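Here is how the chains run, residue by residue.
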Amino acid sequence: MTIDQQTGTLDPGTERTSVRSVVDHIAASVPVIASLVDHQDHIAAWADDIAGRLVAGRRLLAAGNGGSAAEAQHLTSELTGRFDGDRPAYSAISLHAESSAVTAIGNDYGYDEVFARQVTAHARAGDVLVLLSTSGKSPNLLRAAAAARAVGARSIAMTGPGPNPLADAVDDAICIDGPSANVQEAQLVLVHALCRAMEPALRRGGRR
């Protein structure tokens, strides 16, 4: 990056390169996000299943690493708070946000166990565990999926390109093709689409 020392502005050539990078990134993200339309029935089925579990008093647990952790936490905040208009609150916990638990478990048992041990502690039969990953290879998510299976909780994953180990380890997965950054952007749209589809049932709270 070249900056004019007198004006403090970017060299025009550098500015053009920056603009091109922005345009290229946006152009790359559009088809990845648009590919979610191919998963529309899958997403709708997830929404019906998760909403039914939450209304019945079950709990949603979520986890991810890095940017995927942010996406997972976005999902849980929409459920404990609200997505669009007032409605009952539902139990949803982001395991990576439990900082004391994560650091204690990581220190005592290793980072691969930071989610699995929490799943063992919190999950019960009928709950749902949502795991987000762009690679689908994170050992701590793989162990969390195994822990969910052991307690009888349903596990689902949003991942990058498949096949991948996490998609194979959970009960169901939606695999999105694309570079990691674009996959994360699409995952946020998927989270919002999921919340949008769940909203009518969550507002009714089980009432017909």
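Residues numbered from 1 in each chain as written. Predicted model: local features only at pLDDT ≥ 70, side-chain atom pairs only at ≥ 80, totals over all residues. Heavy atoms only, no water.

## Overview of the environment of Ile93
Phase 1 of the analysis: The residue Ile93 is located in strand E2 (residues 92–94) in this model.
Phase 2 of the analysis: Through-space distance from the C-alpha of Ile93 to that of Gln40 is 25 Å; in sequence the pair is 53 residues apart.
Phase 3 of the analysis: Leaving out residues up to four positions away in the same chain, Ile93 has contacts with Arg59, Leu60, Leu61, Ala62, Thr76 and Glu98. (Helix = DSSP H or I, 4+ residues; strand = E, 2+ residues; numbered from the N terminus. Contact = heavy atoms within 4.5 Å.)

## Some remarks on the pattern of salt bridges
Phase 1 of the analysis: This structure, assessed with the given rule, holds ten salt bridges.
Phase 2 of the analysis: Notably, a salt bridge pairs Asp172 with Arg154, separated by 3.7 Å at the nearest N-O pair. You can see Asp172 sitting in strand E5 (residues 172–175) and its partner Arg154 sitting in strand E4 (residues 154–159), a full 18 residues away along the chain.
Phase 3 of the analysis: Judged by relative accessible area, which is 22%, Asp172 ranks as partly exposed.
Phase 4 of the analysis: On the basis of relative accessible area, Arg154 is assigned to the partly exposed category, the value being 23%.
Phase 5 of the analysis: Within the structure, one salt-bridge network assembled from shared partners comprises Asp49, Arg53, Arg154 and Asp172. (Salt bridge = Lys/Arg side-chain N within 4 Å of Asp/Glu carboxyl O. Buried < 20%, exposed > 50% of the residue type's maximum accessible area, 1.4 Å probe, protein only.)

## Things to note about the side chain of Gln118
Phase 1 of the analysis: Counting through the fold element by element, Gln118 comes out in helix H5 (residues 116–122).
Phase 2 of the analysis: Relative accessible area serves as the criterion here: at 3%, Gln118 is assigned to the buried category.
Phase 3 of the analysis: Polar contacts involving the side chain of Gln118 include one to the main-chain carbonyl oxygen of Val114, which spans 2.9 Å.
Phase 4 of the analysis: Setting aside its immediate chain neighbours within four residues, Gln118 contacts Leu95, Glu98, Ala101, Val102, Ile105 and Ala123. (Polar contact = N/O pair within 3.5 Å; in protein donor to acceptor, adjacent residues only side chain to side chain.)

## Regarding the UniProt feature "domain: SIS" (unreviewed entry) in the protein chain
Phase 1 of the analysis: UniProt records the feature "domain: SIS" (unreviewed entry) for residues 50–204 in the present numbering.
Phase 2 of the analysis: Note that residues 50–204 is 52% helix and 15% strand, and that its end C-alpha atoms are spaced 14 Å apart. (UniProt positions renumbered as here; feature names shortened; annotations may be inferred.)

## Notes on the side chain of Gln187
Phase 1 of the analysis: Residue position: Gln187 is located in helix H8 (residues 180–204).
Phase 2 of the analysis: Judged by its relative accessible area of 0%, Gln187 falls in the buried class.
Phase 3 of the analysis: Within the local environment of Gln187, its side chain forms a polar contact with the backbone oxygen of Met158, the two atoms lying 3.1 Å apart.
Phase 4 of the analysis: Beyond its immediate chain neighbours, meaning those up to four positions away, Gln187 contacts Ser68, Glu71, Leu132, Ser133, Met158, Thr159 and Ile176.

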